[in-house]
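So the chains spell out like this:
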Amino acid sequence: MLKFLTPTAYASHHVTPATRFRSTPVKNLLFKQLTLLTGWNRSSYELGRRSFSSDLDSDTKSSTTTVSAKPHLDDCLTVIALPLPHKPLIPGFYMPIYVKDPKVLAALQESRRQQAPYAGAFLLKDDASSDSSSSSETENILEKLKGKELINRIHEVGTLAQISSIQGEQVILIGHRQLRITEMVSESEDPLTVKVDHLKDKPYDKDDDVIKATYFQVMSTLRDVLKTTSLWRDHVRTYTQACSLHIWHCLRHIGEFNYPKLADFGAGISGANKHQNQGVLEELDVHKRLELTLELVKKEVEINKIQESIAKAVEEKFSGDRRRIILKEQINAIKKELGGETDSKSALSEKFRGRIDPIKDKIPGHVLKVIEEELKKLQLLETSSSEFDVTCNYLDWLTVLPWGNFSDENFNVLRAEKILDEDHYGLSDVKERILEFIAVGGLRGTSQGKIICLSGPTGVGKTSIGRSIARALDRKFFRFSVGGLSDVAEIKGHRRTYIGAMPGKMVQCLKNVGTENPLVLIDEIDKLGVRGHHGDPASAMLELLDPEQNANFLDHYLDVPIDLSKVLFVCTANVTDTIPGPLLDRMEVITLSGYITDEKMHIARDYLEKTARRDCGIKPEQVDVSDAAFLSLIEHYCREAGVRNLQKQIEKIFRKIALKLVRKAASTEVPRISDDVTTDTEETKSLAKTDLESPETSAEGSTVLTDELATGDPTESTTEQSGEVAETVEKYMIDESNLSDYVGKPVFQEEKIYEQTPVGVVMGLAWTSMGGSTLYIETTFVEEGEGKGGLHITGRLGDVMKESAEIAHTVARRIMLEKEPENKLFANSKLHLHVPAGATPKDGPSAGCTMITSLLSLALKKPVRKDLAMTGEVTLTGRILAIGGVKEKTIAARRSQVKVIIFPEANRRDFDELARNVKEGLEVHFVDEYEQIFELAFGYDH
């Protein structure tokens, strides 16, 4: 039951504090600090007191009850339980809550009318509420939880709260002291009424040093926070103004604002969560409560330091950025006033608009949409931001590409043939295939849809042929090498989010050439890098080259589909074995086998010599290189399939001649006459002129130079008797005799080692990276003994040639058993098979028949024909298999004065496709069984 105070006691309870305040000085250090920091003083108290008293008088007058006194706090043993969703009500603080339950709201209003304006405020547990709960959720909880369910969902310890005011659904509560629920008053659900016990702090010693130290530490920490944090000062003002009577009653003496009150005050104004505040509220040990509050306040100090550092950093950054922005805006404004250029954003937008407006109808719709969006975005960005630069670069690439711009293709076959002949000598089969390609393009109206792959040794002109095709078709030319390429970003570009991001090579190509249909030469595609952590370049290259995919090629940087189907791709490779299968399947391979000696002679005379002479600044009449010199240069220095090394050697010759010419010219200059010699007579000038020129004159009086300036190999010059001055031209003759003076000693010796082939020696033909070469295979007898038959192999042979040697030994033994059963050489003799040039690695499936013939020659003690060379692989049954490099091997045979060549029958078609000058003068036999080789090698009259 609630007990009410008498009017006298009520008046005494509320008037006495003011009287005491006027008569007693305030000694509380914290209170003084609060007064200085918050600006709260006696006038604030009087204003609060009058406001609070008028509120009480108003409520008293409006009440219809005859009871005129409020109960004492200790008499409040039965209260209405109000759930608090967010945090507990700390004594000394006020809290607004919203009560939407009509029954609960009516009960609270009735309590105020009966002069018993008190209720119990209890925090809801987590299973009924959370930190993010709003006031609307309290209504749901009160509607769903009634009676026992609600009492199980609230904490037992709460706060006795004074109902300060009720305005509509808002109820203002002021906390006074801690309560503990003991039991429910009744089973009635609306409103929940409970019996409570008023909790008191445990006894403590005010003079205890530990408690006093903790107390002063809390005060010191609060003072530091209140000085630096405006939010806490606002909390204190709210605390003091709303609860003026209670606070002045608590703060007027240090004994009144005691240790428990300080703990409640610190916990209430801190930003601790509801669980920490509830812990302070439930703690009755004063020392422990002060420690909990000190922990909370210390945490606020640390948080405040972090906030200050963050705020300072942000302020500094903002101040710097803002200063730069203001300065840039001022500069732009000054430029506008002076009639200069507009601001950077407007200028960039105008530049990009100027690019796309003339070709807007040619730009694909999806690309134009992206450009418009980026232009709008550019206007919203600050010029100092990093995003502004990224957007500018992106727009620059999008607008600079040649959207809809195509070069007109020229499909004139006669013109193309003339261009190919101008740039290249020979290669008739390659030229024919290219002309077929151009002719088909002329009939179709386009040359797209094909990927040409030029395959051949180095220096045969693969790259220059691609450039010639571009010139014949009037297409722009772009070359990039993919040798060793392992980063997919080189092909498909980087993501725009990366620092230094750029589009891939194809987008860069379109920007450079300015058309959408260039000829792109992809060099060294057989040396493409392998899959790694940067992606699979072969797959990216497949997307680029495949006509079925490149119509919508997606570059990572642009991130919009680009049509590359109009691009003509030409690839180059030394070998096709290392090209990935899916790529090779989409290519049309054109093989460049290399040049024979006659072709190299024409190329050296008609192309390389003229280019080298022009690059060195030498006139045609100053140098004469004989055919014998060129032939010796080709045979003894430059045997490779291509002509790149030949070009280097010719350039070397002309550089040395240029040096000789310059040295000779410098040595024949007339020395400058010293100043102390008199030279102003006409006679002296005439003599000097005569010495510089020639003493002889023609019949017409013109001076003719006849002195020999050449020393060593230069020849004498001829004079012209045409009435004009005839100059002496120093001419250098380069012949086979003096070629080594310019290019050094020969690199290659004569390949034909033997004039008459010895027993056990046979000439084979091999393919190398330098073209073709002859390859001698020698077999000799080591020792003989019963059952010592065997074969020792040397010559740095690969696994394939070692297998060929073992097969050859087996086949040779079988043939000897058939031809001469009594011959026991293979059974009882240890033989040694060697391939000369042992330091050179050799491997390949084309030496089987040569090895068998060498073994049989030793067994039969019969040499083979001296002008015979052969190539082909043999099976255990004696079948001859096809080989590669027919052209190169034929050229090598001609170089070694071979007259008879043995090829496998399967290579007849390859030989028939060779040029006539390559096949001329050769006796070629095509075999499919080794028995035929045996007759050709040994069936002759010695």
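Residues numbered from 1 in each chain as written. Predicted model: local features only at pLDDT ≥ 70, side-chain atom pairs only at ≥ 80, totals over all residues. Heavy atoms only, no water.

**Looking at the overall build of the protein chain**
Next, step 1: Scanning the protein chain from N- to C-terminus turns up 34 helices and 24 strands.
Next, step 2: In the protein chain, which comprises 942 residues, the share counted as buried stands at 46%.
Next, step 3: Of all intrachain contacts in the protein chain linking residues separated by at least 6 positions in sequence, the fraction that spans at least 24 positions is 75%.
Next, step 4: Looking at the protein chain as shown, the accessible area adds up to about 47800 Å², and 51% of this sits on carbon and sulfur atoms. (Helix = DSSP H or I, 4+ residues; strand = E, 2+ residues; numbered from the N terminus. Buried < 20%, exposed > 50% of the residue type's maximum accessible area, 1.4 Å probe, protein only. Contact = heavy atoms within 4.5 Å. Areas by Shrake-Rupley, 256 points an atom, 1.4 Å probe, with all protein chains shown as cover.)

**What about the packing of aromatic side chains?**
Next, step 1: For the coordinates displayed, the defined rule picks out 9 aromatic pairs.
Next, step 2: Each ring, one from Tyr-394 and one from Tyr-557, has its centre 6.1 Å from the other, and the planes form 75°; the classification is edge-to-face. You can see Tyr-394 sitting in helix H15 (residues 386-400) and its partner Tyr-557 sitting in the loop between strand E10 (553-554) and strand E11 (561-562), a full 163 residues away along the chain. Each of the two residues, Tyr-394 as well as Tyr-557, counts as buried.
Next, step 3: Plain terms: the ring middles of Phe-934 and Phe-938 are 5.2 Å apart, the flat faces sit at 55° to each other, and that makes the pair tilted. In this pair, Phe-934 and Phe-938 are both assigned in helix H34 (residues 930-938), 4 residues apart and thus about one turn of the helix distant.
Next, step 4: A network of ring pairs unites the aromatic residues Tyr-204, Tyr-215, Phe-216 and Tyr-259 as a single cluster.
Next, step 5: Directly above the ring of Tyr-394 sits Arg-496, whose terminal nitrogen or CZ lies 3.8 Å from the centroid. (Phe/Tyr/Trp six-rings, centres within 6.5 Å; stacked < 30°, edge-to-face > 60°. Lys NZ or Arg CZ within 6 Å of the ring centre and 35° of its normal.)

**A short note on the sheet that holds strand E7 (residues 451-455)**
Next, step 1: The strand order across the open sheet built from 5 strands is E8-E9-E12-E7-E13, with neighbouring strands paired in parallel fashion. Looking along the sheet, the strands with just one partner apiece sit at the ends: strand E8 (477-481) and strand E13 (588-591). On average, each strand axis in the sheet is inclined to that of its neighbour by 20°, with strand direction left out of account.
Next, step 2: With respect to the sheet, helix H20 (residues 505-513) is in contact with E8, strand E9 (519-523) and strand E12 (568-573), its orientation differing from that of E8 by roughly 150°. (Pairing = 2+ DSSP bridges. Axes fitted to C-alpha atoms, helices over the stretch in contact; angles between N-to-C directions.)

**Remarks on the side chain of Asn-738**
Next, step 1: Structurally, Asn-738 can be placed in the loop between strand E15 (732-734) and helix H27 (740-743).
Next, step 2: A distance of 2.9 Å separates the side chain of Asn-738 from the backbone oxygen of Met-733, its partner in a polar contact. (Polar contact = N/O pair within 3.5 Å; in protein donor to acceptor, adjacent residues only side chain to side chain.)

**Considerations on unusual backbone geometry**
Next, step 1: In this structure, Leu-427 takes a positive phi of about 50° despite not being glycine.
Next, step 2: Looking at where Leu-427 falls in the secondary structure, it is placed in the loop between helix H16 (413-423) and helix H17 (428-444).
Next, step 3: Judged by its relative accessible area of 5%, Leu-427 is buried.
Next, step 4: A positive phi is found at Glu-524, a non-glycine position, where the angle reads about 55°.

**Brief notes about the pairing of E12**
Next, step 1: Most of E12 is tucked away, with 6 of its 6 residues classed as buried.
Next, step 2: In terms of strand pairing, E7 meets E12 through 5 bridges, oriented parallel. Of the residues in E12, the one forming a bridge with Ile-451 is Phe-569.
Next, step 3: Summarising the sheet, E9 and E12 pair through 4 bridges and their orientation is parallel.

**Quick notes on the packing of H16 against H17**
Next, step 1: Remark: H16 packs on H17, axes separated minimally by 10 Å, with the N-to-C direction vectors making an angle of 150°. Looking at the two axes, H16 sits roughly antiparallel to H17. The hand of the H16/H17 crossing is right-handed. Two secondary-structure elements touch here, H16 through Val-413, Ala-416, Glu-417, Leu-420 and Asp-421 and H17 through Lys-431, Ile-434, Leu-435, Ile-438 and Ala-439. (Parallel < 35°, antiparallel > 145°, perpendicular 65-115°, else oblique. Left-handed = near helix turned anticlockwise from the far one by under 90°.)

**Regarding a nonpolar patch on the surface**
Next, step 1: Taken together, the side chains of Ile-306, Ile-310, Val-314 and Phe-318 define a hydrophobic patch exposed on the protein surface, amounting to about 390 Å² of accessible area.
Next, step 2: In this structure, Val-314 sits in helix H12 (residues 286-337). (Patch = residues over 30% accessible without salt bridge, like charges linked within 9 Å, V, L, I, M, F, W, Y side chains within 5 Å. Salt bridge = Lys/Arg side-chain N within 4 Å of Asp/Glu carboxyl O.)

**Quick notes on helix H10 (residues 259-269)**
Next, step 1: Judged by how many residues are buried, H10 sits mostly within the fold: 10 of 11 residues are covered.
Next, step 2: Every buried residue belonging to H10 is among Tyr-259, Pro-260, Leu-262, Ala-263, Asp-264, Phe-265, Gly-266, Ala-267, Gly-268 and Ile-269, and all of these are buried.

**A few points about the side chain of Gln-178**
Next, step 1: Looking at where Gln-178 falls in the secondary structure, it is placed in strand E5 (residues 170-184).
Next, step 2: Those residues within four positions of Gln-178 in sequence are excluded, and the remaining contacts are Pro-91, Gly-158, Asp-197, His-198, Leu-199, Asp-264, Leu-281 and Arg-289.

**Observations concerning the nonpolar core**
Next, step 1: Residues Ile-522, Ile-525, Met-541, Leu-544, Leu-545 and Leu-558 are the most contacted members of the largest nonpolar core, which totals 57 residues.
Next, step 2: If you count residues domain by domain, this core takes at least three from each of domain 3 (342-400) and domain 4 (413-591).
Next, step 3: In this structure Leu-545 touches Ile-451, Ile-522, Ile-525, Asn-550, Phe-569, Cys-571, Leu-583 and Met-587, once residues within four positions along its chain are discounted.
Next, step 4: Counting 53 residues, the second-largest nonpolar core is a separate cluster that includes Phe-437, Ile-452, Leu-473 and Ile-634. (Core = buried A, V, L, I, M, F, W, Y, C linked by side-chain atoms within 4.5 Å. Domains from an automatic or database assignment.)

**Let's talk about the confidence of the model for the protein chain**
Next, step 1: Of all residues in the protein chain, 78% attain a pLDDT of 70 or more, and the chain-wide mean is 76.
Next, step 2: Between residues 673-726, whose pLDDT stays under 50, and residues either more than four places distant or in other chains, the model counts 53 contacts. (pLDDT = per-residue confidence, 0-100.)

**Side note on the packing of helix H28 (residues 799-819) against helix H30 (residues 848-860)**
Next, step 1: At a minimum axis distance of 8 Å, the contact between H28 and H30 shows a crossing angle of 45°. With respect to H30, the element H28 is oriented oblique. By crossing handedness, the relation of H28 to H30 is classed as right-handed. Each of Met-801, Ser-804, Ala-805, Ala-808, His-809, Val-811, Ala-812, Ile-815 and Met-816 in H28 lies in contact with H30, whose residues at this interface are Gly-848, Met-851, Ile-852, Leu-855, Leu-856, Ala-859 and Leu-860.

**As for the environment of Leu-554**
Next, step 1: Position of Leu-554 relative to the elements: it lies in strand E10.
Next, step 2: With 10 residues separating them along the chain, Leu-554 and Leu-564 place their C-alpha atoms 10.0 Å apart.
Next, step 3: Sequence-distant contacts of Leu-554, that is, excluding residues within four places in its chain, are made with Lys-492, Glu-543, Asp-559, Val-560 and Pro-561.

**Brief notes about the pattern of salt bridges**
Next, step 1: Inspection of the entire model under this criterion finds 31 salt bridges.
Next, step 2: Salt bridges sharing partners connect three or more residues here, namely Arg-605, Glu-609, Arg-613 and Asp-627.

**What to know about a negative patch on the surface**
Next, step 1: A surface patch of like charges, here negative, comprises Asp-799, Glu-803, Glu-806 and Asp-843.
Next, step 2: Looking at the element boundaries, Glu-806 is found in helix H28. (Lys, Arg positive; Asp, Glu negative; His and termini not counted. Charge placed at Lys NZ, Arg CZ, Asp CG, Glu CD.)

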